[in-house]
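An overview of the molecular structure
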Amino acid sequence: MSAGGEAIVVLNAGSSSIKFCTFRRDGATLDRELRGQVAGLGTAPRLTAKRGTDVVVESELSPASVTHADALGVLLDFLRTELHGESIVGVGHRVVHGGLEFMAPTHVDDAILARLDRYVPLAPLHQPHNLAAIRLMLERLPGVPEIACFDTAFHRSIPEVAQLFALPPRFAESGVRRYGFHGLSYEYVASVLPALDERAAAGRTVVFHLGNGASMCAMHGGHSVATTMGFTAVEGLPMGTRSGSLDPGVLLFLMDEMGCGVRDLERLLYHESGLLGMSGLSSDMRELLASDAPASRLAVEVFCYRARRELGSLAAALGGLDAVVFTAGIGENQAEVRRRICSDADWLGLELDDLANARHGPRISLPGSRVSAWVVPTDEELMIARHVARLLG
């Protein structure tokens, strides 16, 4: 590796981990170099990183009380060594919520941070950690551009009628509306789809982002027109530990009849529900598919059933369907989940190719299927790096 090059760093800071990726910038080309994370913050912190398939570091950090600020310091020291003289010319941050105000990647300073703080109540489990990482990097790397890339921005093309709840207007004016999330993943899929299927890219496509967090997005011509997540990242499909959509009356019942407080409900909806809550075993789809326990089988079936129902809803929002795309951890790797979701979609014109599905695609529909089906690995880090490179000029 030659010295003196330019590096873009991508950070995704969460409550217990800081994931990172670096890209070497050579003109318009971005080459991934390092990828890893500082995980286990607050319990057993550990730094891991790879260059390609080669392990660069696997080390425990001490003491166990390592903070996010400590972890970023360790990470920066590691990057300065492993980048071998490359200069960090920009840092891209995944930021969950940009509200209606931030519709594109944004160069962040103290004034922008103050405006982004307003969205902490809309994403209390993610936004504080996203913004804390930006503040720390502004201190540690003065003069280096910090770029916020928003998970909500891709969905700003959704029509107003699909954003509104049936509540008095004052609530929408206060920010209570559907925003949508996983936008960086959907944006990446939209960017690579033309090379796979021009009809899908130009037409009506439903993308399944199925991972520990799960959502779906209806895209027309590569633009979002509807999505399953809404005001928060807990709406829509059942997820690893999140409930997905609930009748609001359930929450009133839990408060009135079972004595649940706001924090009790938050813990239930975000951490104790979904696949974990239904199965009583795990939030990991792989474990549930391998389990013979009735509760595990039911959890998988509920997950797939809800995805099938949402497919019909999003196809209606599009006025038809030309393609479906599966992405993220479950979507890319679990052929059985894809099979179950597609099994009842023949009425939409989707015919699954079982052999291609078992091989994980990329195309998993039969040649004569009116609706094509694809498996497309997502790459949110590369999407963020592209945005940073564009803003750097």
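Up top is the structure.
First things first, this report covers the structure right here in the doc. Nothing here was measured: the structure is a model prediction, and the numbers come from that model. (Residues numbered from 1 in each chain as written. Predicted model: local features only at pLDDT ≥ 70, side-chain atom pairs only at ≥ 80, totals over all residues. Heavy atoms only, no water.)

1. Some remarks on the sheet that holds strand S1 (residues 6–13)
- Overall, mixed pairing links the eight strands, which are arranged S5-S4-S3-S2-S1-S6-S8-S7 in an open sheet. In the strand order of this sheet, the two ends are held by strand S5 (54–60) and strand S7 (106–107), each with one partner.
- Here strand S3 (residues 29–39) pairs with strand S4 (residues 46–51) via six bridges, running antiparallel. Its bridge partner lying in S4, glycine 36 is registered against alanine 49. (Pairing = 2+ DSSP bridges. Helix = DSSP H or I, 4+ residues; strand = E, 2+ residues; numbered from the N terminus.)

2. A look at helix H3 (residues 127–140)
- In this model, H3 (14 residues) spans 20 Å end to end at C-alpha, consistent with the 20 Å of a helix rising 1.5 Å per residue.
- Those residues of H3 hidden inside the fold are in contact with S1, helix H1 (68–82), strand S6 (87–95), helix H2 (110–116) and strand S8 (146–150). (Expected span 1.5 Å × (residues − 1). Contact = heavy atoms within 4.5 Å.)

3. Details of the nonpolar core
- Judged by nonpolar contacts, the single largest core of 41 residues is most densely connected at Val206, Phe208, Leu210, Phe303, Leu311, Leu321 and Val324.
- Counting residues per element, the ones that place at least two in this core are strand S9 (204–210), strand S10 (214–220), helix H11 (285–290), helix H12 (294–318), strand S12 (323–327), helix H14 (335–342) and strand S13 (372–375).
- Per-element tally for this core: the top contributor is H12, with nine residues.
- In this structure valine 324 touches Val206, Phe208, Leu311, Leu350, Val371, Ser372, Ala373 and Trp374, once residues within four positions along its chain are discounted.
- Listed in part, the 31 residues of the second largest apolar core include Ala190, Cys217, Val325 and Trp374. (Core = buried A, V, L, I, M, F, W, Y, C linked by side-chain atoms within 4.5 Å. Buried < 20%, exposed > 50% of the residue type's maximum accessible area, 1.4 Å probe, protein only.)

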